[in-house]
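Chain by chain, the residues run as shown.
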Amino acid sequence: MRKDVVLITGANGEIGHGLIAHLGERKNLSIVAMDVQPLDKTLEPYCERFIQGDILDTMLLGRLVAEFEIRTIFHLASILSTKAEYNPETAHRVNVEGTLNLLRLAVEQSQWQGRPVQFIYPSSIAAYGLAGAADKDKCGKVTEDECCNPITMYGCNKLYCEHLGQYYMLHYKQLAADHSSVHVDFRCLRFPGLISSVTIPTGGTSDYGPEMLHHAAQGIPYACFVRPDTRLPFMVMPDAIKSLLDLASAPRENLKQHVYNVTSFSPTAMEFYNRVKKAFPDSIITFEPDNARQSIVDTWPADIDDSAATRDWGWKPDYDEDRAFDEYLVPSIKARYQSA
Ligand code: AKB
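This structure is a prediction, so every number in the text was calculated from the model and none was measured.

**Focus: helix H4 (residues 88–113)**
The terminal C-alpha atoms of H4, which comprises 26 residues, lie 37 Å apart, in line with the 38 Å expected from a rise of 1.5 Å per residue. The first or second residue beyond H4 is Gly114, which carries a positive phi of 70°.

Structural data, given as structure tokens:
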């Protein structure tokens, strides 16, 4: 008998870390986790199995079919926006071919099981591409269908994979006689910048928020790489996990679209700085904008419209800006570094 499991790729990443800890605490699911690096020790007790390997390794993914009945795939592994610009072709391979491999695994699993396999995919505000800072000021909240002209490799990859997921769900091998036997239940969230009290992201362009906070808490000086007036949407990790699980448990018939924006609050970098300074008055934070990274952030919207998620599956963040800082980020980050 093969075992019913949830597969989580990118296990050590920011979202993977939070999701595995959350699902693991519930104790009602068997988790198979994958990452290219050894699994973080704190996550080991939550996982039925950890597979250290690359999502580009199709032999490795093929072996999973023999052992497990994968009911849901949370495909979280990716190379983020700044890192992707240093080696765009490698990023394309990981972000696009890796996703393609996981979608094929989902198809194969659904055929073996005779039932749909859920594929939960985090996309990003990087899928947007506004014309620059002036356009950003004018645009206001953008819906899922507006301004999708990404200028980064990561953004292009995310936008394309949103479409790829829909292709696998609706049209995969559409000319084949048994076309209707394929059931990938693809569900996608477009995330804003994420902030966790446990992990620091690596290689993103919205990282100035979490980096500022984690540096300040450790008494390390920080040079913020965007201008003080730069505004971006953010969300704390508990809300990101909640949105993934709420979308996964929404009745399929309620979902009127495949990609949903979710967001929580939209501070400027200066407002973020003020929050951090209030919590850590001795911190040393300067603004030293990096023109190239600033230009990327200038193409990402200042706010996104998540009303479709509210309408279709009742999305509402638990943490507004006050609660995010006062009840989650500041107390847990203080506790984390004081005990370190
Ligand atoms: C990044 O900055 O690349 C990510 C994202 C916005 O998806 N945090």
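**Looking at the site of the ligand**
Taken together, the neighbourhood of the ligand is formed by Leu80, Ser81, Ser124, Ile125, Tyr154, Gly204, Thr205, Ser206 and Trp300. A distance of 2.5 Å separates an oxygen atom of the ligand from a polar atom in the side chain of Ser81. Ser206 places a side-chain nitrogen or oxygen 2.9 Å from a nitrogen atom of the ligand. When the free accessible area of the ligand is taken as 250 Å², the share hidden by the protein chains comes to 93%. Looking at the shell around the ligand residue by residue, the class counts come to four nonpolar, five polar and no charged.

**Details of the state of the cysteines**
Overall, the coordinates contain zero disulfides when judged by the stated rule. The thiol sulfur of Cys156 is not disulfide-bonded, and the nearest other cysteine sulfur, from Cys161, lies at 11 Å. Note on Cys156: relative accessible area 35%, which makes it partly exposed. Considering cysteine sulfurs only, Cys188 is the nearest to Cys161, which forms no disulfide, with 9.3 Å between them. By relative accessible area, Cys161 is classed as buried at 0%.

**As for the pattern of salt bridges**
Within this structure, the stated rule accounts for 17 salt bridges. For Glu97, the salt bridge goes to Arg93, with nearest N and O atoms at 3.4 Å. Residue Glu97 and its partner Arg93 are both found in helix H4; the two are separated by four residues, about one turn of the helix. Of the residues examined, Glu97 reaches a relative accessible area of 32% and is grouped as partly exposed. Overall, the relative accessible area of 42% leaves Arg93 in the partly exposed class. Among the ionic pairs, Arg227 bridges to Asp298, the shortest N-O distance being 3.8 Å. Taken together, the residues span a long stretch of sequence, with Arg227 in the loop between strand E9 (222–224) and strand E10 (234–236) and Asp298 in the loop between helix H10 (291–297) and strand E13 (303–304) at a distance of 71 residues. We classify Arg227 as partly exposed; its relative accessible area is 30%.

Conventions adopted
- Residues numbered from 1 in each chain as written.
- Predicted model: local features only at pLDDT ≥ 70, side-chain atom pairs only at ≥ 80, totals over all residues.
- Heavy atoms only, no water.
- Helix = DSSP H or I, 4+ residues; strand = E, 2+ residues; numbered from the N terminus.
- Expected span 1.5 Å × (residues − 1).
- Near = heavy atom within 4 Å.
- Polar contact = N/O pair within 3.5 Å; in protein donor to acceptor, adjacent residues only side chain to side chain.
- Areas by Shrake-Rupley, 256 points an atom, 1.4 Å probe, with all protein chains shown as cover.
- Nonpolar A, V, L, I, M, F, W, Y, C, P; charged D, E, K, R; others polar.
- Disulfide = S-S within 2.5 Å.
- Buried < 20%, exposed > 50% of the residue type's maximum accessible area, 1.4 Å probe, protein only.
- Salt bridge = Lys/Arg side-chain N within 4 Å of Asp/Glu carboxyl O.

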